[in-house]
2 protein chains.
Amino acid sequence: MKRFFLFLLFLSAASSLRAEDGHQLWLRPQRAAPVKVVATGKNSLLLATARQELQQGWQGKPGASVALTLTKDKTIKYDGFRLGPTSVQAATEAGLLYGVYELLRRQQTGQPVQNDLLNPSYEHRLLNHWDNPDGSVERGYAGQSIFWRKDSALVTTSQDKTRWQEYARANASVGINGAVINNVNAAPQILSAEYLTRVKAIADVLRPYGVKTYLAVKFSSPVLLGGLKTADPLDPAVVKWWQGKTKEIYRLVPDFGGFLVKASSEGQPGPQDYGRTHADGANMLADAVRPHGGLVMWRAFVYSPNDKDRAKQAYNEFVPLDGKFRDNVIVQVKNGPIDFQPREPFSPLFGALKKTSVMPEFQITQEYLGHSIDLAFLAPMWEECLGSDTHQAGPGSTVARCTDGSVYPQKHTAMAGVANVGLDTNWTGHDFAQANWYAFGRLAWNNQLKSAQIADEWLKLTFGGPTAAADWNTQFLTPVKQLMLDSREAIVNYSMPLGLHHIMSATREHYGPGPWWAPPKMRADWTPRYYHQADSAGVGFNRTKTGSDAVSQYHEPLATQFNDPTTCPDEYLLWFHHLPWDFKMKSGNTLWNELCAHYDKGVQQVRQFQKVWDKAQPYVDAERFAVVQHKLRSQSGNAVQWKDACLLYFQQFSRMPIPADVEPPMNNLDAIIANDMRPRR
Amino acid sequence: MKRFFLFLLFLSAASSLRAEDGHQLWLRPQRAAPVKVVATGKNSLLLATARQELQQGWQGKPGASVALTLTKDKTIKYDGFRLGPTSVQAATEAGLLYGVYELLRRQQTGQPVQNDLLNPSYEHRLLNHWDNPDGSVERGYAGQSIFWRKDSALVTTSQDKTRWQEYARANASVGINGAVINNVNAAPQILSAEYLTRVKAIADVLRPYGVKTYLAVKFSSPVLLGGLKTADPLDPAVVKWWQGKTKEIYRLVPDFGGFLVKASSEGQPGPQDYGRTHADGANMLADAVRPHGGLVMWRAFVYSPNDKDRAKQAYNEFVPLDGKFRDNVIVQVKNGPIDFQPREPFSPLFGALKKTSVMPEFQITQEYLGHSIDLAFLAPMWEECLGSDTHQAGPGSTVARCTDGSVYPQKHTAMAGVANVGLDTNWTGHDFAQANWYAFGRLAWNNQLKSAQIADEWLKLTFGGPTAAADWNTQFLTPVKQLMLDSREAIVNYSMPLGLHHIMSATREHYGPGPWWAPPKMRADWTPRYYHQADSAGVGFNRTKTGSDAVSQYHEPLATQFNDPTTCPDEYLLWFHHLPWDFKMKSGNTLWNELCAHYDKGVQQVRQFQKVWDKAQPYVDAERFAVVQHKLRSQSGNAVQWKDACLLYFQQFSRMPIPADVEPPMNNLDAIIANDMRPRR
């Protein structure tokens, strides 16, 4: 049967490519040449995986012999490796496996190998799954959880294991070595004996791919699960409970990675409930996992309902605690100070915490960037953040260098990405959302990688291959890569340009526009008006020295630059400034006209993406072509909705006409608002 | 108070025009100069009206004396008149009134008066109101009926009378002299004594404006209302019943106009139920009204469910009856052979009935042209029909000349328009829909008038005036007139170009696209597929000699011209032909690409209309500006829906790509079809 498909494959012309369902991700089966694998060391699980991958995927000289060698080379860091055309040297078996994946990737994407040394930027490269025990996935747009299932969560089937193995393999192939397998809004029962049985089952499947298992824990678990009267981190009974629970976990999962904690945030319990600090809470857990080599990732995503500027709060709470955390605690900081918006300036915590291990948290799932409907390649967003210069230790103190140990001697380095994975056949809902999983892994491995290279690799692996047409590179790769590279900026343009943020629909789960949304008694910092502050005098959040003074959380020269609307980059203008509608932009436009132009550009960009994709039809299989085309149409409508809604909403305050070179609205504000009341997909 | 408003009016600059609600139609109050009216003849109701209008609206030399003179000039036809700068001569008092309106119109629109003779093209110029006794209006988009009200239909209030008077005045001002005040799908109770009381009340209010009252009657009224066992037109009891009923009506309304009948059509009872012909039915009623000077308008809109080509049926049924109708019967023929589609070729009955009085029926209400949401100026559509050459009596036998008595000696001539009037403040829902009421009256008066002139007059009367800005003509009149003139073709483009027809949504009351609509067991000729016939081989209805042969109902050279796709006008191509998707058009495009281009052009045209209207803002009052702007946005979205739906639907058959210069769809077909299931406004 397999031969028959192979035969079919050979028959198929470029224009009648075999339909693909996307399940294979960037790891589509290859016709492998024979290869001999010579591995040093004991035949461990990881080495067995490496050997199998080579044999399944070898594209080099048939019959070649590939040497996988453990070495003590001091230039090799963590699970890094040294690569030759037929050799991988590494300090760890995981390093050998990563080397094998790199070797195969280079063969498939046509990149040369010349005795390269490749070290990871971060020691720990983790996915955070916001998966609930009932199988739902918070901010998930690709079906139910691959880890949990309602009712039958504790029966592990062979189907489960197959999925987990495929998942682990995909992670390993891009260097991801850890997975937090449940939601940061954690259910306490995840730590119950029966759930831990399933945790062990998962960990056992992930292990051969070098992926460590972590759990998100609810800070009040000692009360809710343990029956204690308190979860006070300084209470001896609480300490003891966590120690016992930790031991129980490690008995089942000896290489358990540790805990991820969202505490004293968005209604979650935490140490502040007992008058303790984040450090008190984190350290208590850190002490519990330390004997087992575990880590605690403590999230800095905190804000209280009544603060005048949510953007300032994490900094205000965590900077005073700098140096007070155990060295196996890593403070996990979202890329921006608010919440994964299409564009935010970097969080001022980066570089400001100088004596604390800090890790960036990115969101792979597209909560604010169009779910799995809109096409958004997120590498440019992450590249932008990682490349941002904090100036905290002089010029060049980029977020990347402030978190990977280059600037501050962190005991541990890590990067986390909120996963976009679910039970959908293609894992991520949108075929192109796979690229974000891929890109996250690649950037966590090498935080200097360029988005263009990542897109190039991913497209070749995911859509290219030996059966591709001769002009595939010029007719498919080049234009579609450009589409990917432009896609995030298009979303910024049609949804929240010029520093606007958090003006999305709440009723439609953050898909589509909602600058008007403000139900009675809703806490202010959950309503868009809190963020856009539009009135007849202008629009934007005044975070300058005359406003909330969030600018002062940034190191000079940024504080001064951001404080002045004439020097503040346009991208962040309304993030930091409340400006009159006729404010003169650098372009010469009024602010209003510039806003209109951005929204319109976003719409036109999506239409351009549609045309690019339509032209790519002959170069891509029918199934994925049709699905992506369908989603691009929905995105196109979404872009128009965003543009029409925001322009008509803000026009109520600006009272200025939409310029004639902007496409006139085809929706009325009243109709959009009425429609906003019903969910839409 | 009135003075105060006048004062405000004087203060207001062009950019802050007084808001108007459209209720005044094209008869907005004028500051009148004093005028002396010298009228011959008895001071009748009509003369009183004429005198009042002159005194309210005189824009000529202050203190001038205007002579209204009855004369026996043989060049004056029907209610025609001879116009001088300060004089009107007519054969009837109605003619004097029409002359006054014309005089005032010329003054307001700045047209010269030079002893002009103006005769009406048609003797009877009627509105047909599809108003039901419960107050609903079939195909009405401007609120409830002005004539009927649920529960309280028989109480006539002063508010009713005011409305009816305003209505009658508007009609008279454009020469409309008859109104059928109930639905052609007639309820039998309209002929009951209690309803006739209200008919009398209405007639009494319409009379001083020269508007005669007519009723639509249900053919089975003798059974349903009279309690007879049959409605057979040859049954003496039936004949007697109608004679009695007619007498009863004329007792109440001595100048009652007559009956309009939809019989043996769309489930309505008729003479065919008794094996009689349309002529038998019509003649029986004609005999009943003849002693009173009444008319019978008998609709030719007939078709049966199982015929292979609905377009042929009216011709097939009525041509054999030519010459068999009484001379006070007029056969009322819709402009096209199907049903008021955005574009149809003229009905082949025009000119083919040579010994029968025939009157055109147009639809003023926008059943198929966007209800009162989309802006459609319909004069170009009617002008197109009236100007169509039937060739029935040689070249120049236009529909206009075949119906106004120029070609055949008709005993009576008439034109009917299905009204778009309701209780909405602005009468017609869309402010621009008023123009269609206006245009119908003007064309019924003069079937050679050009759409551009009508639009020019209407815009000046409706939006212009003495307070208009100096550049109003260039900045408002010229572009908005062009918008109006292009508006119907835009709708054809974005909904049913190239001769496509009847592919609208049924679930949304004929608003929006629905080429897929075909519920199980639905009669075929009510489903769009019956009309578009799209399949992999092509699209369109084959009405050539190899198909239904509807072409042969047209007189040569049209039959030959229509029969050949290379000579058939593009506008009617898919009306007459089923052609392959790659058929080479006159433009050089394939049929598919041409179809795409038309749909796209329609969308772009509406966007252009929006821009024109936005630029017109300083020249129009805020209230009407905002309402029209709002509706144009909805229309813009509707246009995109049409384009996306039809292109994606037909693409399933054409399997050809949408050309790159066409805007890519922003809706998916599945989503549009799902949305089609819920009504939308």
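Everything quoted here is computed from the prediction, not taken from an experiment.

The rules behind each value
- Starting afresh in each chain, residues are numbered from 1 along the sequence in its written order.
- Chain A is the first chain written and ligand 1 is the first ligand written, with later ones labelled in order.
- This being a predicted model, a pLDDT of at least 70 is required before a residue's local features are given, and a value of 80 or more before pairs of side-chain atoms are given or counted; all residues contribute to the totals for chains, interfaces and linings.
- Excluding hydrogens and water, the side-chain figures rest on all heavy atoms present in the structure.
- Numbering goes from the N terminus for both helices and strands, where a helix is a DSSP run of H or I of at least four residues and a strand is a run of E of at least two.
- Values of the radius of gyration come from C-alpha atoms, whereas the globule rule sets the reference at 2.2 Å times the count of residues to the power 0.38.
- Whether a residue is buried, partly exposed or exposed follows from its accessible area with a 1.4 Å probe, protein chains only, as a fraction of its type maximum: under 20%, in between, or over 50%, in that order.
- Contacts are assigned to residue pairs that have any heavy atoms within 4.5 Å of one another.
- Using the Shrake-Rupley algorithm and a 1.4 Å probe, accessible areas are obtained, with residue cover drawn only from the displayed protein chains.
- In this charge count, Lys and Arg are treated as positive and Asp and Glu as negative; neither His nor the chain ends contribute.
- Charge positions come from single atoms, namely NZ of Lys, CZ of Arg, CG of Asp or CD of Glu.
- All the domain ranges listed were derived from an automatic or database domain assignment.
- What gets called buried area is simply the loss in accessible area from a 1.4 Å probe that two parts show on being joined, summed for both.
- Salt bridge, as applied in this entry: a Lys or Arg side-chain nitrogen positioned within 4 Å of an Asp or Glu carboxyl oxygen.
- A pair of strands counts as paired when DSSP detects no fewer than two bridges linking them.
- All copies are superposed by least squares; the fitting set is the C-alpha atoms of residues with a pLDDT of at least 70 in both.
- Any N or O atom pair separated by 3.5 Å or less is treated as a polar contact, with the protein-specific requirement of one donor-capable and one acceptor-capable atom, and with residues adjacent in sequence counted only for side-chain atom pairs.
- Gly falls in the polar group here, along with every residue not listed as nonpolar (Ala, Val, Leu, Ile, Met, Phe, Trp, Tyr, Cys, Pro) or charged (Asp, Glu, Lys, Arg).
- In this scheme, a helix's expected span is set at 1.5 Å multiplied by one less than its residue total.
- Fitting one axis to the seven residues ending at a residue and another to the seven starting there, the bend at that residue is the angle between the two axes.
- What counts as an axis is a line fitted to C-alpha atoms, over the stretch in contact for a helix, and the angles between N-to-C directions run from 0 to 180 degrees.
- The nonpolar core is taken to be a set of buried Ala, Val, Leu, Ile, Met, Phe, Trp, Tyr and Cys residues, with the residues joined through side-chain atoms within 4.5 Å.
- For Phe, Tyr and Trp, where Trp contributes only its six-membered ring, two rings pair if their centres lie within 6.5 Å, and the inter-plane angle classes them as stacked under 30 degrees, edge-to-face over 60, or tilted in between.
- As a reminder, the over-ring test applies to NZ of lysine and CZ of arginine, requiring each to be within 6 Å of the ring centre and within 35 degrees of the ring normal.

A. The arrangement of the overall build of chain A in detail. Of regular secondary structure, chain A possesses 20 helices and 13 strands. Expected size for 681 residues packed as a compact globule is a radius of gyration near 26 Å; at 25 Å, chain A falls within 12% of this value. Structurally, chain A occupies a C-alpha span of about 75 × 70 × 50 Å along its principal axes. Sorting the 681 residues of chain A into buried and exposed places 61% on the buried side. In chain A, once contacts between residues fewer than 6 apart in sequence are set aside, the share between residues at least 24 apart is 71%. Surface summary for chain A: the accessible area is close to 24400 Å², and the carbon and sulfur share equals 53%. For chain A, the separation between the mean place of its 72 positive charges and that of its 65 negative charges on side chains is 5 Å.

B. Summary view of the domain arrangement of chain A. Residues and elements named next belong to chain A. As assigned here, chain A comprises domain 1 (31-118), domain 2 (125-463) and domain 3 (494-541 + 578-677). Computed from C-alpha atoms alone, the centre-to-centre distance between domain 1 and domain 2 is 29 Å. In this assembly, 18 residues from domain 1 lie in contact with 20 residues from domain 2. Both faces considered, domain 1 and domain 2 share a buried interface measuring about 1500 Å² in area, 52% of it formed by carbon and sulfur atoms. When the buried surface of domain 1 facing domain 2 is broken down by residue, Y98, R105 and T109 rank first, second and third, together holding 36% of it. Summed over the shared surface of domain 1 and domain 2, the number is two salt bridges. Of the charged contacts, one joins E53 and R169 as a salt bridge, the two residues approaching to 2.5 Å between their closest N and O atoms.

C. Seen up close, the pairing of strand β9 (residues 258-261) of chain A. Residues and elements named next belong to chain A. Pairing analysis gives four bridges linking strand β8 (residues 212-217) to β9, with the strands arranged parallel. Paired with V217 across the two strands is V261, which belongs to β9. Bridging between β9 and strand β10 (residues 295-299) involves four bridges; their strand directions are parallel. Residue pairing for β10: V261 is matched across the bridge by W298.

D. Highlighting the relation of the copies chain A and chain B. For the pair chain A and chain B, the superposition axis carries a translation of 0.0 Å, the fit reaches an RMSD of 0.0 Å, and the rotation angle comes to 180°. With respect to symmetry, the two chain copies, as superposed, fit the operation of a two-fold axis. Identified as the residue of chain A closest to the rotation axis by C-alpha distance is A:G637, at 5.1 Å. When you check the interface residues of chain A against chain B, 100% turn up at the interface there too, and the contact is symmetric in its surfaces.

E. Quick look at unusual backbone geometry. Residue and element names in this part refer to chain A. Looking along the chain, the bond that leaves E556 and enters P557 is cis, with omega of 5°. With respect to the helices and strands, P557 occurs in the loop between α15 (528-532) and α16 (558-563). Positioned with a positive phi, H502 is a non-glycine residue whose angle comes to about 55°. Following the sequence through the fold, H502 ends up in the loop between α14 (472-495) and α15. A relative accessible area of 5% means that H502 is categorised as buried.

F. Expanded view of the interface of chain A and chain B. In this assembly, 21 residues from chain A lie in contact with 22 residues from chain B. Taking both partners together, chain A and chain B bury about 1900 Å²; carbon and sulfur atoms supply 50% of that area. Of all residues in chain A, A:R633, A:M666 and A:N668 bury the most surface against chain B, accounting for 33% of the area lost on that side. Applying the counting rule to chain A against chain B returns 14 residue pairs in polar contact (both at pLDDT 80 or more). Secondary-structure elements contributing two or more residues to the side of chain A that touches chain B are α18 (591-615) and α19 (622-654) of chain A. Looking at which element gives the most residues to the side of chain A that touches chain B, the answer is α19(A), with seven residues. Within the side of chain A that touches chain B, the residues separate by chemical class into seven nonpolar, seven polar and seven charged.

G. Looking closely at helix α14 (residues 472-495) of chain B. Helix length check: α14(B) (24 residues) gives 33 Å between terminal C-alpha atoms against 34 Å at 1.5 Å per residue, within 8%. The largest bend in α14(B) is about 40°, located at B:S487.

H. Region of the structure containing the sheet that holds strand β3 (residues 81-84) of chain A. Residue and element names in this part refer to chain A. Pairing is mixed across the open sheet formed by five strands, whose spatial order is β1-β2-β4-β3-β5. This sheet does not close on itself; its edge strands, each paired only once, are β1 (35-39) and β5 (116-118). Strand-to-strand, the axes of this sheet are offset by a mean angle of 15°, without reference to chain direction. Packed on one face of the sheet, helix α2 (residues 45-57) meets β1 and β2 (64-70) and runs near 160° to β1. Strands β2, β3, β4 (87-90) and β5 of the sheet are contacted by helix α3 (residues 93-109), whose axis makes an angle of about 35° with β3.

I. Expanded view of the sheet that holds strand β8 (residues 212-217) of chain B. All names here are of chain B. Strand order in this closed barrel of eight strands is β6-β7-β8-β9-β10-β11-β12-β13, and the pairing throughout is parallel. Averaged over all neighbouring strand pairs, the angle between strand axes comes to 25°, with direction disregarded. Pairing analysis gives three bridges linking strand β7 (residues 178-180) to β8, with the strands arranged parallel. Bridge pairing links V180 to Y214 in β8. Against the sheet, helix α8 (residues 278-289) makes contact with β8, β9 (258-261), β10 (295-299) and β11 (329-334), and its axis sits at roughly 160° relative to β10, the strand it touches most.

J. Highlighting the pattern of salt bridges. Under the counting rule described, the total for this entry stands at 77 salt bridges over all chains. For A:R82, the salt bridge goes to A:D73, with nearest N and O atoms at 3.1 Å. Given a relative accessible area of 24%, A:R82 falls into the partly exposed group. A:D73 sits in the partly exposed class, given a relative accessible area of 23%. A salt bridge links B:E367 to B:R139, with the nearest nitrogen and oxygen atoms 3.0 Å apart. In this pair, B:E367 sits in the loop between β12 (357-363) and α10 (379-386) while B:R139 sits in the loop between β6 (124-128) and α4 (158-173), placing the two residues 228 residues apart along the sequence. Bridged by salt links that share partners, the residues A:E102, A:R105, A:R106, A:D116, A:R442 and A:E457 form one connected network.

K. Structural detail: the nonpolar core. A:W613, A:F650, B:W613 and B:F650 are the most contacted members of the largest nonpolar core, which has 423 residues in total. Residues within four places of B:F650 in sequence aside, it is in contact with B:L500, B:I503, B:P515, B:H532, B:A534, B:V539, B:W581, B:W592, B:L595 and B:Y599.

L. Helix α9 (residues 310-318) of chain A, seen in detail. Residues and elements named next belong to chain A. Burial analysis of α9 places seven of its nine residues in the buried class, which makes it a mostly covered element. For α9, the full list of buried residues reads R310, A311, K312, Q313, A314, Y315 and F318. On its buried face, α9 sits against α8 (278-289), β10, β11 (329-334) and α15.

M. Quick peek at the environment of A:G538. All names here are of chain A. Structurally, G538 can be placed in the loop between α15 and α16. Here the alpha-carbon distance between G538 and Y122, two residues 416 residues apart in the chain, equals 43 Å. Discounting chain neighbours no more than four positions away, the residues touching G538 are Q533, H578, L579, P580 and W581.

N. Region of interest: the packing of aromatic side chains. One pass over the full model with this rule turns up 76 aromatic pairs over all chains. Ring geometry for B:F147 and B:Y167: centres 5.4 Å apart, planes at 90°, overall edge-to-face. Placement of B:F147 in the loop between β6 and α4 and of B:Y167 in helix α4 is noted, with a sequence separation of 20 residues between them. According to the relative accessible area criterion, B:Y167 is buried, its value standing at 0%. Chaining the aromatic ring pairs together yields one cluster made of A:F432, A:W458, A:F463, A:W472, A:F476, A:W613 and A:F625. The ring of A:Y303 has A:R310 lying over it, and the distance from NZ or CZ to the ring centre is 3.7 Å.

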